[in-house]
Amino acid sequence: MSLIDESFELREIQRLEGHTDRVWSLAWKPATGIGGVPAVLASCSGDKTVRIWEQSRLTGSFECKAVLEETHTRTVRSCAWSPSGKLLATGSFDATTAIWDKVGDDYECVSTLEGHENEVKSVSWNASGSLLATCGRDKSVWIWEVLPGNEFECVSVLQGHTQDVKMVQWHPSMDILCSCSYDNTIKVWAEDGDSDDWHCVQTINESSDGHSSTVWALSFNSSGDKMVTCSDDLTIKIWGADIMKMQSGDGIAPWKHICTLSGYHDRTIFSAHWSREGIIASGAADDAIRLFVPGENGLIDGPTYKLLLKKDQAHDMDVNSVQWSSAENRLLASASDDGTIKIWELAPPSGK
Amino acid sequence: LHKLVHIMDSFQLNSNSDSIKDIFDSSLNLEETHYKEGYTEGYNDGLSSGKDEGRQVGLKTGFQVGEELGFYRGCIDIWNSAIRVDPTCFSSRVQKSIKQMDELVEKYPKLEPENESVTNIMDSLRLKFRAICATMNVKLEYDGYPKPSDVKDIM
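Residues numbered from 1 in each chain as written. Chains lettered and ligands numbered in written order. Predicted model: local features only at pLDDT ≥ 70, side-chain atom pairs only at ≥ 80, totals over all residues. Heavy atoms only, no water.

Concerning the overall build of chain B
The helix and strand tally for chain B stands at six helices and zero strands. In sequence order, chain B lays out its α and β elements as α-α-α-α-α-α. Counting only residues that meet the buried cut, chain B has 23% of its 155 residues in that class. Accessible area for chain B stands at about 11500 Å²; split by element, carbon and sulfur atoms hold 57% of it. (Helix = DSSP H or I, 4+ residues; strand = E, 2+ residues; numbered from the N terminus. Buried < 20%, exposed > 50% of the residue type's maximum accessible area, 1.4 Å probe, protein only. Areas by Shrake-Rupley, 256 points an atom, 1.4 Å probe, with all protein chains shown as cover.)

Laid out in structure tokens, this is it:
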């Protein structure tokens, strides 16, 4: 039975308060929420702090375990855990990226990466945790290599976008980097051999079925053969690439348009995230969260996606980020301009 | 009236039509002659004042390019000296980038301002410099060094 055949509801588990300004971004700590390890979530805010929330083993509710403050001097815009969960990277409007390590019960800032000329908008670790990408309003994308002793070396500064770069995301299994921007394009970056020579291998613009306005976010599915992007143009687009071809070393396969979801949103979509099971969550400026799942295959135009459910007034203000937990617990976290974070569970309706 | 008749007689006689044509031509072409004179005067004037202005712009641009290249040359020389003293002071990646910067500075066509590669080479130099500084965690700037945000005014 495919997901679309079942009816679901998004049940609010908890509302996390604490930040004193809008919450921009969220990141679930890898390898938590599973095998008896309590789920851990990081959030970052316009209040210049990062908060770490942990689910209590006893009560199941999330408590704030740490506040990472007095490091960034402006809004913290993005946060991401390294794949092992050891390090947390935070990108800020103060143009720096801080790297945090847990020492006992506290988090310490062990490194500060400078280089961007102005606001850092997004940070992302590659699958092996050896590379960190950052991007910002200065239109550039930086790639850093992680060295022993929490040393970071700048591998490359990538220019190509003509406006503010909103997000960078590494592919889940290959060292391919995607970025999306206020310039309406999505760019794919790859390394030429092993030479630190990174360059743009593909630009998806309006003429290649791309977005017609700012692209705010992108997310890969777990197998890495699809990615979803969302935009100010009120659409969500799904893209596919021949991963087998790329993995066999046959060069970089281009990303092709599969599907555009339009008519579902009437305000800017700020966030889209693909769960391990293939459910796409979106967070938008109309304060709502929407979930999409694959529809029936075998139609003339190929795979389609359908709206599974819409959660109106998920928050009191714009939803900036939605993030599925990587554990198999169907937990979804959302962050909003209203300064709160909500934890949701995707469950069958209470009657069942 | 007498002159007019004489002229008309001349036309009918079809003799000396060339000289008559000349008289009319010069008065008919008066506008064009004046235009040509004025244009030549203006062009020559422009040539000399353009040369002056060109010299000023060339001096300014040349100075700024020279200053920026010289700054990179200085940084590269210091870094290379440091490497000679202690070959392990910088990682192999940084050393490779310094070498690449060195090659770019040498390659810059200093005597060919209209060579197409000048912008590309300068852009590559600036990017490499930023990457090296970021890795070394140093802020290298001084008065007169054009900040990237200023660059659009210069070029």
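A look at the UniProt feature "domain: Essential protein Yae1 N-terminal" (unreviewed entry) in chain B
In this structure's numbering, the residues bearing the UniProt feature "domain: Essential protein Yae1 N-terminal" (unreviewed entry) are residues 38-76 of chain B. For residues 38-76 of chain B, the helix share is 100%, the strand share is 0%, and the end-to-end C-alpha distance is 55 Å. (UniProt positions renumbered as here; feature names shortened; annotations may be inferred.)

Some thoughts on the sheet that holds strand S4 (residues 50-55) of chain A
In a beta sheet, neighbouring strands are held together by backbone hydrogen bonds and run either parallel or antiparallel to one another. Residues and elements named next belong to chain A. Taking strand neighbours across the sheet as the criterion, the four strands line up as S2-S3-S4-S5 in an open arrangement whose pairing is antiparallel. The open sheet terminates on both sides in strands that have one partner only, identified here as strand S2 (23-28) and strand S5 (62-68). Between one strand and the next, the sheet's axes are offset by a mean angle of 25°, whatever the strand orientation. Of the pairings in the sheet, the one linking S4 to S5 comprises six bridges and is antiparallel in character. In the sheet register, isoleucine 52 faces S5, and the bridge partner there is alanine 66. (Pairing = 2+ DSSP bridges. Axes fitted to C-alpha atoms, helices over the stretch in contact; angles between N-to-C directions.)

Considerations on the packing of aromatic side chains
Using the criterion set out here, one finds 15 aromatic pairs over all chains in the structure. Consider the rings of tryptophan 28 of chain A and phenylalanine 62 of chain A, whose centres lie 5.9 Å apart with planes at 70°: the pair is edge-to-face. Here tryptophan 28 of chain A is found in strand S2, whereas its partner phenylalanine 62 of chain A is found in strand S5, with 34 residues between them in sequence. Here tryptophan 28 of chain A falls in the buried class, since its relative accessible area comes to 9%. With relative accessibility at 4%, the residue phenylalanine 62 of chain A sits in the buried group. Taken together, a centroid distance of 6.2 Å and an interplanar angle of 15° make the contact between tyrosine 39 of chain B and tyrosine 43 of chain B stacked. With tyrosine 39 of chain B and tyrosine 43 of chain B both in helix H3 (residues 30-85), this residue pair falls four residues apart, about one helical turn. Ring-pair connections join several aromatic residues into one group, and the members of that group are Phe71, Tyr72, Trp79 and Phe129 of chain B. (Phe/Tyr/Trp six-rings, centres within 6.5 Å; stacked < 30°, edge-to-face > 60°.)

Observations regarding the environment of glutamate 153 of chain A
Looking at where glutamate 153 of chain A falls in the secondary structure, it is placed in strand S13 (residues 151-159). For glutamate 153 of chain A, a relative accessible area of 7% corresponds to the buried category. For the pair glutamate 153 of chain A and leucine 132 of chain A, spaced 21 residues apart in sequence, the C-alpha separation works out to 9.9 Å. Apart from the residues within four sequence positions on either side, glutamate 153 of chain A is in contact with Ile143, Trp144, Glu145 and Leu147 of chain A together with Ser91, Arg93, Val94 and Thr135 of chain B. (Contact = heavy atoms within 4.5 Å.)

Description of the pattern of salt bridges
Tallying each qualifying case throughout the model produces 26 salt bridges over all chains. Taking the shortest distance from any N to any O, the salt bridge between lysine 139 of chain B and glutamate 114 of chain A comes out at 2.5 Å. Of this pair, lysine 139 of chain B sits in the loop between helix H5 (117-136) and helix H6 (151-154) while glutamate 114 of chain A sits in the loop between strand S9 (106-113) and strand S10 (120-125), which puts the two residues in different chains. With relative accessibility at 67%, the residue lysine 139 of chain B sits in the exposed group. Arginine 126 of chain B is the salt-bridge partner of aspartate 123 of chain B, the closest N and O atoms lying 3.8 Å from each other. Of this pair, aspartate 123 of chain B and arginine 126 of chain B are both found in helix H5, three residues apart, which corresponds to roughly one turn of the helix. Residues participating in the shared-partner salt-bridge network are Glu145, Glu153 and Asp196 of chain A together with Arg93 of chain B. (Salt bridge = Lys/Arg side-chain N within 4 Å of Asp/Glu carboxyl O.)

Brief notes about the confidence of the model for chain B
Any segment with low pLDDT has predicted coordinates that should not be analysed in fine detail. A residue-level look at chain B finds 74% of positions with pLDDT of 70 or above and a mean pLDDT of 83. By mean pLDDT, the top-scoring element of chain B is helix H4 (residues 92-107) of chain B (94), and the lowest-scoring one is H6 of chain B (53). (pLDDT = per-residue confidence, 0-100.)

Description of the interface of chain B and chain A
Listed per partner, the contact involves 12 residues of chain B and 18 residues of chain A. By the criterion of area lost to chain A, the three top residues of chain B are Arg93, Leu127 and Arg130 of chain B, representing 50% of everything that side buries. For the pair chain B and chain A, the number of links is six salt bridges. One salt bridge in this structure joins aspartate 196 of chain A and arginine 93 of chain B, with 2.7 Å as the shortest N-O distance. Among the elements of the structure, H4 and H5 of chain B are those that each provide at least two residues to the side of chain B that touches chain A. With five residues, the single largest contributor to the side of chain B that touches chain A is H5 of chain B. Per-class residue counts for the side of chain B that touches chain A are five nonpolar, three polar and four charged. (Buried area = accessible area lost by both parts, 1.4 Å probe. Nonpolar A, V, L, I, M, F, W, Y, C, P; charged D, E, K, R; others polar.)

What about the nonpolar core?
Ranked by internal contacts, the top residues of the largest apolar core, which has 22 residues, are Tyr72, Trp79, Ile98, Met101, Leu125 and Phe129 of chain B. Of all the secondary-structure elements, those providing two or more residues to this core are H3, H4 and H5 of chain B. For this core, the element with the most residues is H3 of chain B, which contributes eight residues. When residues no more than four places from it in sequence are discounted, the contact partners of isoleucine 98 of chain B are Ile76, Trp79, Asn80, Ile83, Phe90, Ile132 and Met136 of chain B. The next biggest cluster of nonpolar side chains, apart from the first, holds 17 residues, and it includes Ile204, Met227, Ile243 and Trp255 of chain A. (Core = buried A, V, L, I, M, F, W, Y, C linked by side-chain atoms within 4.5 Å.)

Digging into the pairing of strand S27 (residues 331-336) of chain A
All names here are of chain A. Extensive coverage of S27 is indicated by the burial of six of its six residues. On S27, burial covers both faces: Leu331, Ala333 and Ala335 on one face and Leu332, Ser334 and Ser336 on the other are all buried. Two successive antiparallel strands, strand S26 (residues 319-324) and S27, enclose a turn made up of six residues, where arginine 330 displays a positive phi of approximately 50°. Hairpin connection of S27 to strand S28 (residues 341-347): four residues between the antiparallel strands, including glycine 339 at a positive phi of 85°.

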